[in-house]
Amino acid sequence: MRSEVISVTTGSRETVHDITHQCEQFVRDQGDGLLHVFVPHATAGVALIELGAGSDDDLLSALDHLLPVDFDWRHRHGSPGHGRSHVMPGLIPPYATVPVLRGRLALGTWQSIALVDLNVDNQTRQVRLSFIGG
């Protein structure tokens, strides 16, 4: 298995951050296998989603609806609504696995790999990319 950690700056606002290019670079020329993307954080997730056509904003809106900032979260440290950041990985897991064929991601036409981060208190995230050859 080949594994590497990349650092992603998500900034000071909730975001759906495209990491497809970094994933493509990681698997380039690796042959067939699986790419596993893992975020070792309790407040972030990985989504396979269409980006750039409004779906990323729709995802953030849907999460805001499902996990409102002003809910009476029991987990209360950090910025307002921080407890929802700890619940989000139950809906958007901190991992995804994508097939790799001849060194290329086998994503669907409109699929991208995105880091989803609602935690405005943590502006830098680590993402572990692991390639398991076939």
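The coordinates are above.
Residues numbered from 1 in each chain as written. Predicted model: local features only at pLDDT ≥ 70, side-chain atom pairs only at ≥ 80, totals over all residues. Heavy atoms only, no water.

Observations concerning the nonpolar core
The biggest cluster of nonpolar side chains holds 20 residues, and the ones touching the most others in it are Leu-35, Val-37 and Ile-113. Elements represented by at least two residues in this core include exactly strand S1 (2-9), helix H1 (20-27), strand S3 (33-38), strand S4 (44-49), strand S5 (95-101), strand S7 (112-117) and strand S8 (124-133). Val-16, Ala-47, Ile-49 and Leu-51 belong to the second-largest nonpolar core, a separate cluster that totals 14 residues. (Core = buried A, V, L, I, M, F, W, Y, C linked by side-chain atoms within 4.5 Å. Buried < 20%, exposed > 50% of the residue type's maximum accessible area, 1.4 Å probe, protein only. Helix = DSSP H or I, 4+ residues; strand = E, 2+ residues; numbered from the N terminus.)

Comments concerning the sheet that holds S1
Strand order across the open sheet formed by 5 strands is S1-S8-S3-S5-S6, with antiparallel pairing between neighbours. This sheet does not close on itself; its edge strands, each paired only once, are S1 and strand S6 (104-105). Sheet topology places S5 next to S6; 2 bridges connect them, and they run antiparallel. Residue Val-100 lies in a different strand from S6, and its bridge partner there is Leu-105. Sheet strands touched by H1: S1, S3, S5, S6 and S8. Its angle to S8, the strand with the most contacts, is close to 35 degrees. (Pairing = 2+ DSSP bridges. Contact = heavy atoms within 4.5 Å. Axes fitted to C-alpha atoms, helices over the stretch in contact; angles between N-to-C directions.)

Things to note about a nonpolar patch on the surface
On the surface, a cluster of nonpolar side chains totalling about 330 Å² of accessible area is made up of Met-1, Leu-34 and Ile-132. Tracing the backbone shows Leu-34 in strand S3. Owing to a relative accessible area of 39%, Leu-34 belongs among the partly exposed residues under this scheme. (Patch = residues over 30% accessible without salt bridge, like charges linked within 9 Å, V, L, I, M, F, W, Y side chains within 5 Å. Areas by Shrake-Rupley, 256 points an atom, 1.4 Å probe, with all protein chains shown as cover. Salt bridge = Lys/Arg side-chain N within 4 Å of Asp/Glu carboxyl O.)

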